[in-house]
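Breakdown of the fold
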Amino acid sequence: MIIRRLLPIISLVALLPLTTAALDRPAYGSLCERGGDQAIWVPAGEALIGDDRGYPEERPAYRVRVPGFWIDRHEVTNAQYARFVAATGYVTQVERQGESVIFRPPGPGERPVEPSQWWHIVKGADWRHPEGPGSDLAGRDDYPVVQLSYADALAYARWAGRSLPSEEQFERAAGGGQPDTLTQPGPDAANSWQGEFPVRNDAVDGHKGLAPVGCYKPNAFGLQDMIGNAWEWTKSWYLPGHGPMVSNEGAPGNPSFDPAQPDARTRVIKGGSFLCAPNYCARYRPAARHAQDELYAASHLGFRTIDSARAGPAQPAVPQAGRHGI
């Protein structure tokens, strides 16, 4: 695993004239609600997938009806993943590889110009040591579990009798039935980067790195951290846009294609992370998407699970006139 191959995955430089929401309020992110294993019902409905105003890979936008499904209220936590490992003895792909990617901000006086100056391959980084051998999970039971490959996330989902969301399911849930916006979420709504990335993190939202789950206000469906905090795996194969894939590109037999890494098997990741800022990444939006090699992990990439087989909540016996689902 070399840094050159990983840079297309993690460089995420902003290209859009996106704006920042008002940041003149006190720090947030200190009143965190713990939801345990709670799942939220996302009712069936039409969703606009993609955004013609966004990055090229978000185009063209299209409408689709998404059946109802249950989804975790927040990202899977370290405590939840630890229970899975204790029950099964599972050893993650990242642990077997022996190294992973972590973010380290530049030091005082440094003026970084390329991602290799803040992204580093570190031996011994894994889900138990998310920032490398000198880190651990003490006091982090309620933080999102990170440093997991696609297979590591899928193994947990299957053990739990659930699955990973598709891109359409994630985007439907993240949007909360509301119109998308290019504006950075306010510091009460998501854990993102306030300040000039990567040299100044004002942490107006209360956290300079990952936050415990449930620290920011829920969306219209009652879901938290669908935007910001940690990127999240989906089961969808990545293609560079929502249109048909150009034939004869990518590796033979590979259902995905990312021009930056044509030989990799890449999945769509969604939601952005605490590193997304207006001048870098700017993917703190439901429509935003990015390619991730399914073999590799990072210190800002987690997941949540869904259940589309379980029946939805009981509906009122008599529909109430004038009321509409989200």
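The notes below deal with the structure included here. Please read these numbers as outputs of a predicted model, since none were measured by experiment.

1. Focus on helix α4 (residues 150-159)
- Burial analysis of α4 places seven of its ten residues in the buried class, which makes it a mostly covered element.
- For α4, every residue scored as buried is listed here: Tyr-150, Asp-152, Ala-153, Leu-154, Ala-155, Tyr-156 and Ala-157.
- Structurally, α4 contributes buried residues whose contacts are with α2 (78-88), α3 (93-97), β7 (231-237) and β8 (266-270).
- In the stretch just after α4, Gly-161 is the one whose phi turns positive, near 75 degrees.

2. Observations concerning the sheet that holds strand β9 (residues 289-293)
- As summarised here, the arrangement of the four strands in space is β9-β8-β7-β10, forming an open sheet in which the pairing is mixed. The open sheet has two free edges, formed respectively by β9 and β10 (301-302), since each of these has just one partner strand.
- Alignment of β7 against β8, held across three bridges, turns out to be antiparallel. For Glu-232, the partnering residue across the bridge sits in β8 and is Lys-270.

3. Examining the side chain of Ser-299
- Structurally, Ser-299 is set in the loop between β9 and β10.
- At a separation of 3.2 Å, a polar atom in the side chain of Ser-299 contacts the main-chain amide nitrogen of Phe-103.
- Apart from residues lying up to four places away in sequence, Ser-299 is in contact with Val-101, Ile-102, Phe-103, Trp-119, Pro-130, Val-146, Gln-147, Leu-210 and Phe-274.

4. A few points about the pattern of salt bridges
- Counted under the stated rule, the structure contains 16 salt bridges.
- For Arg-285, the salt bridge identified is with Glu-58, shortest N-O distance 2.7 Å. Separated by 227 residues along the polypeptide, Arg-285 in the loop between β8 and β9 and Glu-58 in the loop between β2 (45-49) and β3 (62-66) bring together distant segments of the chain.
- Residue Glu-58 is classed as buried on the basis of its relative accessible area, which comes to 0%.
- In this structure, a network of salt bridges that share partners links the residues Glu-167, Glu-171, Lys-270 and Arg-289.

5. Points about the state of the cysteines
- The final tally for this structure, using the stated rule, is one disulfide.
- Between Cys-276 and Cys-281 runs a disulfide, and the two sulfur atoms are separated by 2.3 Å.
- Classification of Cys-281 by relative accessible area gives buried; the value is 1%.

6. Some words on α2
- When α2 is considered as a whole, its buried residues turn out to be Asn-78, Gln-80, Tyr-81, Phe-84 and Val-85. When α2 is viewed along its axis, its buried side chains cluster within an angular range of 165 degrees and face the same direction. Exposed side of α2, more than 90 degrees from the buried face: Ala-86 and Ala-87 are the residues found there.

7. Brief notes about the environment of Glu-196
- As for its position among the elements, Glu-196 is in the loop between α5 (167-175) and β7.
- For Glu-196, a relative accessible area of 31% corresponds to the partly exposed category.
- In this structure the C-alpha to C-alpha distance between Glu-196 and Tyr-280, which are 84 residues apart in sequence, comes to 8.4 Å.
- Among residues more than four places away in sequence, those in contact with Glu-196 are Arg-111 and Asn-279.

8. Side note on the packing of aromatic side chains
- Summed over the entire model, instances satisfying the criterion amount to 18 aromatic pairs.
- Each ring, one from Phe-103 and one from Trp-119, has its centre 5.8 Å from the other, and the planes form 65 degrees; the classification is edge-to-face. Here Trp-119 lies in strand β6 (residues 119-123) and Phe-103 lies in strand β5 (residues 99-103), a separation of 16 residues in the sequence.
- The interplanar angle of 70 degrees and the centroid separation of 5.7 Å between the aromatic rings of Tyr-150 and Trp-233 together place this pair among those described as edge-to-face. Taken as a pair, Tyr-150 in helix α4 and Trp-233 in strand β7 lie far apart in primary sequence, 83 residues in all. The same class applies to Tyr-150 as to Trp-233, namely buried.

Procedures and definitions
Residue indices follow the written sequence of each chain, beginning from 1 at its first position. Given that this is a predicted model, residues contribute local features only at a pLDDT of at least 70 and side-chain atom pairs are listed and counted only at 80 or more, while totals for whole chains, interfaces and linings are drawn from all residues. With hydrogens and water excluded, all non-hydrogen atoms of the structure serve as input to the side-chain values. Only protein chains enter the area calculation, which uses a 1.4 Å probe; residues under 20% of their type maximum are buried, those over 50% are exposed, and those in between are partly exposed. Put simply, DSSP H or I for four residues or longer makes a helix, DSSP E for two residues or longer makes a strand, and each gets a number counted from the N terminus. Residue contacts are defined here by distance: any two heavy atoms, one from each residue, within 4.5 Å place the two residues in contact. Here a strand pair is declared whenever DSSP counts at least two bridges between the two strands. Any N or O atom pair separated by 3.5 Å or less is treated as a polar contact, with the protein-specific requirement of one donor-capable and one acceptor-capable atom, and with residues adjacent in sequence counted only for side-chain atom pairs. Any carboxyl oxygen of Asp or Glu within 4 Å of a side-chain nitrogen of Lys or Arg constitutes a salt bridge here. Any two cysteine sulfur atoms lying within 2.5 Å of each other are counted as a disulfide. For this quantity, the arc is that covered by the directions from the helix axis to the C-beta atoms. Two aromatic rings, drawn from Phe, Tyr or Trp (for Trp, its six-membered ring), form a pair once their centres lie within 6.5 Å of each other, and the interplanar angle then sorts them: stacked below 30 degrees, edge-to-face above 60, tilted otherwise.

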